[in-house]
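Chain by chain, the residues run as shown.
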Amino acid sequence: MLKNKLENLIGKSAKKIQKKYKLKKLPKFTVEHSRDFQFGDYATNAAMVLGKEAKKNPMEVGDFLIQKIKKDKNFHSEIFEKIEIIKPGFINFTLSTKFLQKNLLEILKQGEKFGSSNSGKGKTIIVDYSAPNIAKPMHVGHLRSTIIGQSLYNIYKFLGYKTISDNHIGDWGTQFGKLIYAYKNWGDKKKINQNPIEEMTKLYVKFHKEAEENKELEEFARKETKKLQDKNKENMKIWKFLVEESLKEFDKIYKILGIKFDYVLGESFYDNMLEQIVNECLKKKIARKSEDAIIINLDKYNLPLFLIKKKDGAYLYATTDLAAIKYRLKKIKPDKILYVVSNEQALHFQQLFASLELLDWSKNIEMKHIKFGMVLGKNGKKLSTRKGETVPLESLIEKAVKLARKAVEEKNPKLSKAEKEKIAKIVGIGAIKYNDLSQNRLTDIVFDWNKMLNFQGDSAPYLQYTHARIKSILRKAKYKSSAKSFNQTLLKNELELSILKQLLFFPEIIERAAQEYNPNIIADYLYQLAGRFNLFYQKIPVLKAEKELRLARLNLIFAAATVLKNGLGLLGIKAPEEM
Ligand code: ARG
């Protein structure tokens, strides 16, 4: 990747400057590709930071730096057209057209693999995401986790990591006692079969209502939980039924969204490890008894107590997460675990990671809470129905598809009904995913349907449409991708170069998205690429260009379509051939 090469070159030369000026430390510098290509294609602030450290004029330092770079044995002069320093001391690198054209050939050769790498080879990463709770509807928070988690999974996989997804379903805990009690007393199996989660929610709500009147119910529920934990046959059977029915509904949503998991190990899976975990904490003296409950003291980290066993003997979400880590360390030996879970659980993960440190489990492993914000309606309030309940995911997805159907109908009425339906699904679901992934993870996102489905705006349909438009041009031209047979040197005007440059950046963009756990870096990149193509296509003839130039331009736009498709794929979004 050119960016890495540049970083190395500049780093090596900077070290020489460091020696020259006898600097104690080498200051950190950045290498960044430019957004508008006005002054160059890559820029570094190395001369500025070195100048500051050495108390020298950065322009002067920059001149030295450039000399050193050019003398390096790894410097290939044919890559750059020019390297210059501009006030107050930025060094700009302009790429040669020859180099850019060589990269185009590379894209044609690599096709759907372009952008991938093996930088993650030998490393294993677990992505813990989605994780809805049994007997409760999957809500927009889980939707965000699912979309972001799947995208990170795709990105890491593309970079050569051994990537493992695990859906840590909430299928255990005291709420099941309540549900089992409610089911035994008021449940109707048939109704649950027809509408599992809705019926279960009703049972749950009814339990709480009745329990307000009759305090005994809580006690009954506790007994049911205990019986379940002791693997009482009847309770296990009801629990299994509730789990299976819920999973069926979740799977429906996963299927629509195109989501798959390597593991679905729910909380219940770790039940038989919990006692042992608590004992280990006690033995290592990081946990202690406090009024019959067991807690981990995290004063050292300025964090509140971490409760791992309640005084009634029940274990908690926290205990299960500890057990899951122990299991994963043993079975999967990951280098990294990502938890894609909303902001609201920030404290839980701080406590969890601090506890790991105390347990001395986390020596060679990096744990990361990949936080995200809430989903809001256009009015800026939490998404909810008129009755104040949260909006069920299925109806949300249905709405997106319905709106997409209308748009597809307008754009391309000649398509067959089946095709329209297929495309509407791809566009509607793409719109939901892109709306999430194109924004910074940490901010609250808004569902603004007009914006999400705007074919001219920063949206999935715009990118999908740009891709389909290129494909339609290629079909008209009866184009066949040919890495060998074209005269690439013909591509040299500004608009062509701007696409070539943007294409070159793709691999480094993916790397950055992975480093920052932010798929929006890819989304933003794709939006720029589509913009550059559309600008080019407005001004420059492709089909009507003379023969050789036509082929060169067809290759160029084919490469753009390839990168659009690869990039959308990393976001979990499909790019149809036709729209
Ligand atoms: N089921 C949890 C919830 O809905 C999310 C679980 C996230 N994963 C984890 N390992 N804690 O809030």
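Please refer to the structure placed before this passage.
A brief look at the structure comes next. (Residues numbered from 1 in each chain as written. Predicted model: local features only at pLDDT ≥ 70, side-chain atom pairs only at ≥ 80, totals over all residues. Heavy atoms only, no water.)

**With respect to the overall build of the chain**
Next, step 1: Looking only at helices and strands, the chain features 20 helices and 13 strands.
Next, step 2: Seen through its principal axes, the chain has C-alpha atoms that stretch 80 × 70 × 40 Å.
Next, step 3: Burial statistics for the chain: of 579 residues in total, 54% are counted as buried.
Next, step 4: Taking as baseline every contact in the chain between residues at least 6 positions apart, the subset at least 24 positions apart corresponds to 75%.
Next, step 5: Of the roughly 28,800 Å² of accessible surface on the chain, a fraction of 51% belongs to carbon and sulfur atoms. (Helix = DSSP H or I, 4+ residues; strand = E, 2+ residues; numbered from the N terminus. Buried < 20%, exposed > 50% of the residue type's maximum accessible area, 1.4 Å probe, protein only. Contact = heavy atoms within 4.5 Å. Areas by Shrake-Rupley, 256 points an atom, 1.4 Å probe, with all protein chains shown as cover.)

**A word on the packing of helix α10 (residues 233–257) against helix α14 (residues 393–411)**
Next, step 1: The N-to-C vectors of α10 and α14 enclose an angle of 25°; their axes lie 11 Å apart at closest approach. Here α10 is positioned roughly parallel relative to α14, judged by the angle of their axes. Regarding α10 and α14, the two cross each other, and that crossing is left-handed. Contacts from K252, I253, I256 and L257 of α10 reach α14 at L393, E394 and I397.
Next, step 2: In terms of residue class, the contact of α10 with α14 is built from 5 nonpolar, no polar and 2 charged. (Axes fitted to C-alpha atoms, helices over the stretch in contact; angles between N-to-C directions. Parallel < 35°, antiparallel > 145°, perpendicular 65-115°, else oblique. Left-handed = near helix turned anticlockwise from the far one by under 90°. Nonpolar A, V, L, I, M, F, W, Y, C, P; charged D, E, K, R; others polar.)

**Observations concerning helix α6 (residues 175–186)**
Next, step 1: Spanning 12 residues, α6 covers 16 Å between terminal C-alpha atoms, matching the ideal 16 Å at 1.5 Å per step.
Next, step 2: Taking burial as the measure, the 12 residues of α6 include 9 buried ones, the bulk of the element.
Next, step 3: Buried within α6 are the following residues: Q175, F176, G177, K178, L179, I180, Y181, A182 and Y183.
Next, step 4: Looking at the packing, one finds that the buried side of α6 touches α7 (189–194), α8 (196–213), α9 (216–229) and α10. (Expected span 1.5 Å × (residues − 1).)

**A short note on the packing of aromatic side chains**
Next, step 1: All chains considered together, the criterion is met by 27 aromatic pairs.
Next, step 2: Aromatic pair Y339 and F349: ring centres 4.9 Å apart, planes at 40°, arrangement tilted. With a gap of 10 residues between them, Y339 in strand β10 (residues 336–340) and F349 in helix α13 (residues 346–359) connect regions that are remote in the sequence.
Next, step 3: Y339 sits in the buried class, given a relative accessible area of 1%.
Next, step 4: Here the aromatic cluster, defined as three or more aromatic residues joined through ring pairs, consists of Y181, W186, F207 and F220.
Next, step 5: Of note, K206 hangs over the ring of W186, and the distance from its end group to the ring centre comes to 5.0 Å. (Phe/Tyr/Trp six-rings, centres within 6.5 Å; stacked < 30°, edge-to-face > 60°. Lys NZ or Arg CZ within 6 Å of the ring centre and 35° of its normal.)

**A look at the sheet that holds strand β3 (residues 80–86)**
Where strands meet in a sheet, backbone hydrogen bonds hold them as pairs that are either parallel or antiparallel.
Next, step 1: In spatial order, the strands read β1-β2-β4-β3; together these 4 strands make up an open sheet with antiparallel pairing. Only two strands of the sheet have a single neighbouring strand rather than two, namely β1 (31–33) and β3. Each neighbouring strand pair of the sheet contributes to a mean axis angle of 20°, computed without reference to strand direction.
Next, step 2: When strand β2 (residues 42–44) meets strand β4 (residues 90–95), the two strands line up antiparallel, connected through 3 bridges. Among the inter-strand pairings, T44 is bridged to a residue of β4, identified as I91. (Pairing = 2+ DSSP bridges.)

**A look at the layout of surface pockets**
Next, step 1: In this structure, the largest pocket spans a volume of roughly 890 Å³.
Next, step 2: The wall of the largest pocket is formed by 43 residues, among which A131, N133, H142, Y317 and Q345 lie closest to the centre.
Next, step 3: Looking at the lining of the largest pocket, the elements with two or more residues in it are α5 (140–158), α9, α12 (317–331) and β10.
Next, step 4: When residues of the lining of the largest pocket are assigned to their parent elements, the largest contribution, 5 residues, is made by α5.
Next, step 5: Here the residues of the lining of the largest pocket sort into 17 nonpolar, 18 polar and 8 charged. (1 Å grid on protein atoms, 1.4 Å probe; cavity = no way out; pocket = protein on both sides within 12 Å on 5 of 7 lines; lining within 4 Å. Points joined across faces, edges and corners; volume = space filled by probe spheres on them.)

**Here's the deal with the pattern of salt bridges**
Next, step 1: Summed over the entire model, instances satisfying the criterion amount to 28 salt bridges.
Next, step 2: Here R328 and D166 are joined by a salt bridge, their closest N and O atoms 2.8 Å apart. In this pair, R328 sits in helix α12 while D166 sits in strand β6 (residues 162–166), placing the two residues 162 residues apart along the sequence. Accessibility assignment for this pair places R328 and D166 in one class, buried.
Next, step 3: One salt bridge connects K206 with E210, and the closest N-O pair in it is separated by 3.6 Å. Taken together, the residues K206 and E210, both in helix α8 and 4 residues apart, mark about one turn of the helix.
Next, step 4: Its relative accessible area of 34% is what places K206 among the partly exposed residues.
Next, step 5: Residue E210 is classed as partly exposed on the basis of its relative accessible area of 33%.
Next, step 6: Sharing partners across several salt bridges, the network here consists of K184, E224, K227 and E234. (Salt bridge = Lys/Arg side-chain N within 4 Å of Asp/Glu carboxyl O.)

**Concerning the site of the ligand**
Next, step 1: Every residue near the ligand is listed here: D128, A131, N133, H142, H168, Y317, D321, Y339, V341, Q345 and F349.
Next, step 2: Between a nitrogen atom of the ligand and a side-chain N or O atom of N133, the distance comes to 2.8 Å.
Next, step 3: In the environment of the ligand, a nitrogen atom lies 2.7 Å from a nitrogen or oxygen atom belonging to the side chain of Y317.
Next, step 4: Here the ligand loses 90% of its free accessible area of 350 Å² to cover by the protein chains.
Next, step 5: Taken together, the residues of the shell around the ligand break down into 5 nonpolar, 4 polar and 2 charged. (Near = heavy atom within 4 Å. Polar contact = N/O pair within 3.5 Å; in protein donor to acceptor, adjacent residues only side chain to side chain.)

**Here we look at the sheet that holds strand β9 (residues 306–309)**
Next, step 1: Pairing is antiparallel in the open sheet, where 3 strands are placed in the order β7-β8-β9. At either end of the open sheet lies a strand with only one pairing partner, and these are β7 (287–290) and β9. Pairs of neighbouring strands in the sheet enclose a mean axial angle of 40°, with direction left out of account.
Next, step 2: Sheet analysis places strand β8 (residues 293–296) next to β9, joined by 3 bridges and oriented antiparallel. Looking across to β9, one finds that I294 is bridged to K309.
Next, step 3: Sheet strands in contact with α13 are β8 and β9, and its direction is about 75° off that of β9.

**Quick look at empty space enclosed by the protein**
Next, step 1: Within the structure shown, the criterion is met by 3 cavities of 30 Å³ or more.
Next, step 2: As a volume, the largest cavity reaches approximately 50 Å³.
Next, step 3: Lining the largest cavity we find L2, K5, L6, L9, N74, F75, H76, I79 and F80.
Next, step 4: Looking at the lining of the largest cavity, its residues break down into 6 nonpolar, 2 polar and 1 charged.
Next, step 5: One number sums up the size of the second largest cavity: a volume of about 50 Å³.
Next, step 6: Lining the second largest cavity we find K3, V31, E32, H33, E508, I509 and R512.

Limitation: the analysis is restricted to geometry and does not speak to function.
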